[in-house]
Amino acid sequence: MKYKLVCIDMDGTLLGENHTVSKENKEALKKATELGVHIAITTGRLFTSAKMYSDLIGVKAPIISSNGGYIKEKDKEEIIYESPIPRENLYKIYDVIKKYNFLTYFNTCDTVITEIDLPENHAYKIMNKELPEDMRVKIDVVDSFETALKEYTGKILKAICVDVNKTGDLQKARKELEELDEFEIVSSWQNNIEVMNKNTSKGNGVKNLAKMLGVKREEIICIGDNENDLSMIKYAGLGVAMGNANDEIKEQADYVTDTNINDGVAKVINKFILNK
């Protein structure tokens, strides 16, 4: 099979220690693009953050960000696809999560909206220190989500709830939100849930991108490590789980590669694209 599109998650997949891309991963991706293969970053992160890494590795395909909620070519103004959460649904999310003592963020394509500033060891804070101002993720520390949600109506793509105090209430909140039947809910870490519009997922993001590129489903490789990657792993012609993924992801993947620390992405490219 000649694969034409490779969609790669970032955290826990493409990125290794200290949120960096290894030399081996960069070289493998460069060789794949030289063969005409499209490489797409497919991430839960904001578009602005994903764009920085796509520049670093020379990705030319559009970026699927916010778990499929926002697709855009990095060097063009045209938005290919976006799925902002309607205002009334933002308040439904807020009504549920305010009952619990979660750390909560609402994200647009370029801004984190929060009532508490991000810690200095947060990936966005670390990244911002090294980037010029026009490439940084914006962090808007607001007095009240109720007011901010109104001001950002039509722009918010995702809500993130983090159980920093380990209350054990995360699944209760998830169940309440699922019962509303208005949202797509996934987890990218053990202590969080991420809430998007119904039917917004990485899998549907890959489907939309493949249609635009004229690539068939069986010509797609998707690589990831967590629950928010599962929809694209199941959609792909070759769904790949990282060696550091949990067992549920591995069981539903077609192939399990090495860990993110041991260049698992490069090993997939070498095996299935470069035939090494």
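Because the structure is a prediction, the values reported are computed rather than measured.

**Observations concerning the overall build of the protein**
Here's step 1: When helices and strands are counted, the protein shows ten helices and 14 strands.
Here's step 2: Compactness check: the protein gives a C-alpha radius of gyration of 18 Å against a globular reference of 19 Å for 276 residues, within 12% of the reference.
Here's step 3: Projected onto its principal axes, the C-alpha positions of the protein cover 55 × 40 × 35 Å.
Here's step 4: Expressed as a percentage of the 276 residues in the protein, the buried residues total 53%.
Here's step 5: Intrachain contacts of the protein at a sequence separation of at least 6 include 59% that bridge at least 24 residues.

**A word on the nonpolar core**
Here's step 1: Of all hydrophobic cores here, the largest spans 44 residues; its most connected members are V6, I221, I223, I269 and I273.
Here's step 2: Looking at which domains feed residues into this core, each of domain 1 (5-82 + 201-274) and domain 2 (87-197) supplies at least three.
Here's step 3: Setting aside its immediate chain neighbours within four residues, I221 contacts Y3, L5, V6, C7, A236, L238, V240, V268, F272 and I273.
Here's step 4: Listed in part, the 25 residues of the second largest apolar core include Y94, L149, Y152 and I156.

**Description of the domain arrangement of the protein**
Here's step 1: Entries for the protein in the domain assignment read domain 1 (5-82 + 201-274) and domain 2 (87-197).
Here's step 2: Placing the centre of domain 1 and that of domain 2 at their C-alpha centroids yields a distance of 23 Å.
Here's step 3: Listed by partner, the interface residues are 18 residues for domain 1 and 23 residues for domain 2.
Here's step 4: Counting the surface lost from both domain 1 and domain 2, the interface buries some 1,700 Å², and carbon and sulfur atoms represent 61% of this.
Here's step 5: Linking domain 1 with domain 2 are one salt bridge, by the criterion used here.
Here's step 6: We note a salt bridge from E227 to R174, for which the minimum N-O separation is 2.7 Å.
Here's step 7: Taken together, the links from domain 1 to domain 2 amount to nine residue pairs in polar contact (both at pLDDT 80 or more).
Here's step 8: The dominant element in the side of domain 1 that touches domain 2, judged by the number of residues it contributes, is helix α2 (residues 47-57), at six residues.
Here's step 9: Partitioning the side of domain 1 that touches domain 2 into residue classes produces five nonpolar, nine polar and four charged.

Cut-offs and rules
Residues numbered from 1 in each chain as written. Predicted model: local features only at pLDDT ≥ 70, side-chain atom pairs only at ≥ 80, totals over all residues. Heavy atoms only, no water. Helix = DSSP H or I, 4+ residues; strand = E, 2+ residues; numbered from the N terminus. Rg over C-alpha atoms; globule rule 2.2 N^0.38 Å. Buried < 20%, exposed > 50% of the residue type's maximum accessible area, 1.4 Å probe, protein only. Contact = heavy atoms within 4.5 Å. Core = buried A, V, L, I, M, F, W, Y, C linked by side-chain atoms within 4.5 Å. Domains from an automatic or database assignment. Buried area = accessible area lost by both parts, 1.4 Å probe. Salt bridge = Lys/Arg side-chain N within 4 Å of Asp/Glu carboxyl O. Polar contact = N/O pair within 3.5 Å; in protein donor to acceptor, adjacent residues only side chain to side chain. Nonpolar A, V, L, I, M, F, W, Y, C, P; charged D, E, K, R; others polar.

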